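Observations on the three-dimensional arrangement
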Amino acid sequence: MSTTMDATKISQQDDLWKNMELGLISDEEVRRLMKIGIQKRIKWGTKPTQQEQLAQLLDFNKSLRGMKMATEIDTLENHKIYETPDSFNQILGGKESAGLFTDETTTTIEEANTKMMDLYCERAGLKDGHSILDLGCGAGLLVLHLAKKYIKSKITGVTNTSSHKEYILEQCKNLNLSNVEIILADVTTVDIESTFDRVFVIGLIEHMKNFELFLRKYQNG
Ligand SMILES: C[S@@+](CC[C@H](N)C(=O)[O-])C[C@H]1O[C@@H](n2cnc3c(N)ncnc32)[C@H](O)[C@@H]1O
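Described in the following lines is the structure provided in the data block. Keep in mind it's a predicted model, so treat the numbers as computed, not measured. (Residues numbered from 1 in each chain as written. Predicted model: local features only at pLDDT ≥ 70, side-chain atom pairs only at ≥ 80, totals over all residues.)

1. Comments concerning the overall build of the chain
The secondary structure content of the chain amounts to 8 helices and 4 strands. In the chain, the order of α-helices and β-strands from amino to carboxyl end is α-α-α-α-α-β-α-β-α-β-β-α. The buried share among the 221 residues of the chain stands at 22%. Summarising the internal contacts of the chain: among those between residues at least 6 apart in sequence, 64% fall at separations of at least 24. (Helix = DSSP H or I, 4+ residues; strand = E, 2+ residues; numbered from the N terminus. Buried ≥ 20, exposed ≤ 12 C-beta atoms within 10 Å, placed from the backbone. Contact = placed C-beta atoms within 7 Å.)

2. Quick notes on the sheet that holds strand 3 (residues 180-184)
Taken in spatial order, the 4 strands of this open sheet run 3-2-1-4, and their pairing is parallel. Across the chains shown, the open sheet's two edge strands, defined by having one partner strand only, are strand 3 and strand 4 (198-201). Neighbouring strand axes in the sheet, compared pairwise and without regard to direction, differ in orientation by 15° on average. With 5 bridges joining them, strand 2 (residues 154-159) and strand 3 adopt parallel strand pairing. Bridge pairing in strand 3 places Gly-157 opposite Ile-182. Lying on the sheet, helix 6 (residues 141-149) is in contact with strand 1 (131-135), strand 2, strand 3 and strand 4; it crosses strand 2 at an angle near 175°. (Pairing = 2+ DSSP bridges. Axes fitted to C-alpha atoms, helices over the stretch in contact; angles between N-to-C directions.)

3. Examining the pairing of strand 1
Consecutive side chains along a regular strand alternate between the two faces of the sheet. Across the 5 residues of strand 1, 4 count as buried, placing the element largely inside the fold. As paired strands, strand 1 and strand 2 are joined by 5 bridges and run parallel to one another. When the bridges of strand 2 are listed, Asp-134 appears paired with Gly-157. In this sheet, strand 4 lies alongside strand 1 in parallel orientation, the contact comprising 4 bridges. Residue pairing in the sheet places Asp-134 in a bridge with Phe-200 of strand 4.

4. Digging into the site of the ligand
Taken together, 22 residues are adjacent to the ligand, and Ser-97, Gly-136, Gly-138, Asn-160 and Gly-203 come closest. Classifying every residue of the shell around the ligand gives 8 nonpolar, 11 polar and 3 charged. (Near = placed C-beta within 6 Å. Nonpolar A, V, L, I, M, F, W, Y, C, P; charged D, E, K, R; others polar.)

5. Quick notes on the nonpolar core
In terms of nonpolar packing, the biggest core is built from 24 residues, with Leu-142, Val-143, Ile-168 and Val-180 touching the most fellow members. The set of elements that each furnish at least two residues to this core consists of helix 5 (109-124), strand 1, helix 6, strand 2, helix 7 (162-175) and strand 3. By residue number, the principal contributor to this core is helix 6, which donates 6 residues. Not counting residues within four places of it along the chain, the set of residues in contact with Ile-168 comprises Ala-139, Gly-140, Val-143, Leu-144, Gly-157, Val-180 and Ile-182. (Core = buried A, V, L, I, M, F, W, Y, C linked by C-beta atoms within 7 Å.)

6. Details of helix 7
Between its terminal C-alpha atoms helix 7 stretches 20 Å, which fits the 20 Å expected from 14 residues at 1.5 Å a residue. Within helix 7, the full set of buried residues consists of His-164, Lys-165, Tyr-167, Ile-168, Gln-171 and Cys-172. One side of helix 7 holds all its buried residues, which, seen down the axis, span an arc of 165°. Exposed side chains of helix 7 directed beyond 90 degrees from the buried face belong to Lys-173 and Asn-174. Check the buried side of helix 7 and you find it contacts helix 4 (86-92), helix 6, strand 2 and strand 3. A positive phi of about 60° marks Asn-176, the residue just after helix 7. (Expected span 1.5 Å × (residues − 1). Arc of directions from axis to C-beta.)

7. Some points on unusual backbone geometry
Phi angles above zero are rare outside glycine, and Asn-176 is one such case at about 60°. Here Asn-176 falls in the exposed class, since 7 other C-beta atoms lie within 10 Å of it.

8. Regarding the environment of Met-20
Examined against the element boundaries, Met-20 turns out to sit in helix 1 (residues 2-21). In the structure, Met-20 is positioned 10 residues away from Val-30 in sequence and 8.0 Å away in space, judged by C-alpha atoms. When near neighbours in sequence (up to four residues on either side) are disregarded, Met-20 contacts Ile-25 and Val-30.

9. A word on the environment of Ala-185
The residue Ala-185 is located in the loop between strand 3 and strand 4 in this model. Classification of Ala-185 by C-beta neighbours within 10 Å gives partly exposed; the count is 15.

What follows is the structure, given as structure tokens:
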């Protein structure tokens, strides 16, 4: 019974996504649906007392530990969310990442992105020549930043989005960068033989369910 319900729900969600992509749903309706989704999430996650809140958090944590590393939606075959057309990737210019607006002198997204990435480098103690792995590298903003800044380093990005791999490699060609490798793979199953001096995981862990399995897979070794 519940499997049939789940299947119906998934097929309805698929139809909704398709119709949104086709522009058949107005922005107003999309906003209304987003609001409902956010309200539901807040209601689910907000408990009346601190004790109940903590208990829910611990339960949630325990439930994640019993799950697979990621659900099907985040695997290579089923992952569609980030598969954007080349024209869109060109407009976005890889800017999908976080920005650091330190003070009023940071006025553009580009400046904020660069400040954030420089902070990652500083915190990671990066040195030119380090081998670097960027898991879930998106459209490659960080990969390209690192490749330009640390020319003696080899930067390996892993993504499950083929249009992003193509976009990054095209940028490398345009910028004459030969120290980048992009692996199109699912981080939950890929076997990477090499070891790395530094591993970046930015905005990917949100796609994982069982963090423990994920961290164990990529721990020293
Ligand atoms: C929120 S984006 C962050 C991208 C990039 N790290 C950044 O900071 O801009 C998450 C990225 O993780 C990738 N991703 C999600 N699940 C993945 C998986 N199972 N295997 C490989 N990549 C995955 C997505 O394709 C997407 O590029």
